[in-house]
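# A look at the structure
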Amino acid sequence: MSQIRNVAVLGSTGSIGRAAIDVLGRMQHSHRVTAISCHSQLQLLEQQIAEVTPTHAIVTQSANAESQRWLSNTNERSPATKRYVGSDAINAIVTGDEVDTVIGAIVGIAGLESAYEAAKAGKRLALANKESLVVAGALIMQSAQESGAEVIPVDSEHSAIFQCLQSCGRKSELKRIILTASGGPLRDWPIDKLEQATVEDALAHPTWQMGRKITVDSATMMNKALEVIEAKWLFGLESEQIHVVIHSQSIIHSMVEYCDASVIAQLSPPDMRLPIQYALTYPQRDQASSPAMDWSVPMRLDWKPVDPERYPCLQLGYEVAAKGGSCGAVLNAANEACVELFLDRKIKLTDIAKICRSVLNHHHFSPSPSLTELLQLDRWSRNEVQNWITGL
Ligand code: MG
């Protein structure tokens, strides 16, 4: 790459954001971190300001005295970094001329607006925030098409599909994609014991070190349900073309199957730095930031079909992918609200699928909602979850 690309890392203190800062530290020949943002982890953000000396740093938690104090601080190692509080600053910076590439690594619905703005502004959007596509996939992909924005997936499965699709085969020859799922920390528990799973049980992921929300989503397989919807939007597929298998080692990140029964897979040790780096360097590749496969040791790869009784959330993902419209916003918000309640020990892990099913079933379906309607549905859905538990 001849020109230095200017990157905004949104959600830089989260698990993906930290990995992105690490990757970008090794890519100074081609990329510069122009802006970083976090919600509330001010101490880590300050360390990152010193490390990457960005032009802009943003804290989105605005109604907070600590954030206001942070605003008037100066970082000795990066005194010129401009500071902002509030998410409006993010939208202004990602749409401005100083940023070419946006890494969308904010967790949950909070990442939607900036992803949408980056897509409208014609940026490269390296998207880790699957929720924005789940909620507003139609709007984001249409905006990207109109503006010329590139939406490159960072989610490891979708990066794998994206890479496999580069290698061979025409879209018309694609039969289906196969998303791999680790099965989460409770994959070997007897099904009738799942309702006893504690927060600690659900957070003990066997292969990936991730944030709390996505780890709970992995235990329920809601994460894969959201990824089915994400894949539909990213790759323009019908829900019947998206298949899920359990692959406990998390080495095969996903596969594509062509009409002649040939299957192409992408393999690498489980490390998010690879999909992050590829989203930055695509269509080229750069030297590895993460460990390579060790072919000198014996290794086996296993897979098996998903048991729908163990993972009722997955079915919700298929239904939402097939129906589209307002369903993604409702499912996503209900799930986010449920995960918070589970982490606060107010509901059981197995309640998540039941509550999401109930909220989804009685919402007023809208086939092509606007962003404003989607955000209203998001709030409605969270309220419904609250009503559900007060009615218990
Ligand atoms: Mg994933």
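Residues numbered from 1 in each chain as written. Predicted model: local features only at pLDDT ≥ 70, side-chain atom pairs only at ≥ 80, totals over all residues. Heavy atoms only, no water.

So, on to the coordination of the magnesium ion. Binding of the magnesium ion to the protein goes through Asp155 (OD), Glu157 (OE) and Glu227 (OE), at separations of 2.1 Å. The sequence motif formed by the donor residues of the magnesium ion is D-x1-E-x69-E. A residue pair is termed long-range when its members are at least 10 positions apart, and Asp155 in the loop between β7 (150–153) and α7 (156–167) and Glu227 in helix α10 (residues 222–235) qualify at 72 residues. The class for Asp155 is buried, based on a relative accessible area of 8%. The exposure class of Glu227 is buried, given its relative accessible area of 1%. (Donors = N, O, S within 2.8 Å, 3.2 Å for Na, K, Ca; no water. Helix = DSSP H or I, 4+ residues; strand = E, 2+ residues; numbered from the N terminus. Buried < 20%, exposed > 50% of the residue type's maximum accessible area, 1.4 Å probe, protein only.)

With 20 residues, helix α15 (residues 371–390) should reach 28 Å at 1.5 Å per residue; the first-to-last C-alpha distance of 29 Å fits that figure. When α15 is considered as a whole, its buried residues turn out to be Leu371, Leu374, Leu377, Asp378, Ser381, Glu384, Val385 and Ile389. Looking straight down α15, one finds that the buried residues subtend no more than 125° of arc, so they occupy a single side. Summarising the geometry of α15, the exposed residues directed more than 90 degrees from the buried face are Thr372, Arg379 and Thr390. Turning to α15, the residues buried within the fold contact α5 (112–120), α6 (130–147), α13 (327–343) and α14 (351–361). (Expected span 1.5 Å × (residues − 1). Arc of directions from axis to C-beta. Contact = heavy atoms within 4.5 Å.)

In this section: the domain arrangement of the chain. Here the chain is partitioned into domain 1 (5–153) and domain 2 (158–324). With centres defined by C-alpha atoms, the gap from domain 1 to domain 2 works out at 25 Å. On the domain 2 side, the residues contacting the 29 residues of domain 1 number 28 residues. Between domain 1 and domain 2, the buried area comes to about 2,300 Å², and carbon and sulfur atoms account for 70% of it. Contact with domain 2 buries surface across domain 1, with Lys130, Val134 and Pro153 losing the most and accounting together for 28% of the total. On the surface where domain 1 and domain 2 come into contact, there are three salt bridges. Residue Lys213 is joined to Glu131 by a salt bridge in which the shortest nitrogen-to-oxygen separation is 3.0 Å. For the interface between domain 1 and domain 2, the tally reads nine residue pairs in polar contact (both at pLDDT 80 or more). Counting residues per element, the ones that place at least two in the side of domain 1 that touches domain 2 are α1 (15–25), β5 (101–104), β6 (124–127), α6 and β7. (Domains from an automatic or database assignment. Buried area = accessible area lost by both parts, 1.4 Å probe. Salt bridge = Lys/Arg side-chain N within 4 Å of Asp/Glu carboxyl O. Polar contact = N/O pair within 3.5 Å; in protein donor to acceptor, adjacent residues only side chain to side chain.)

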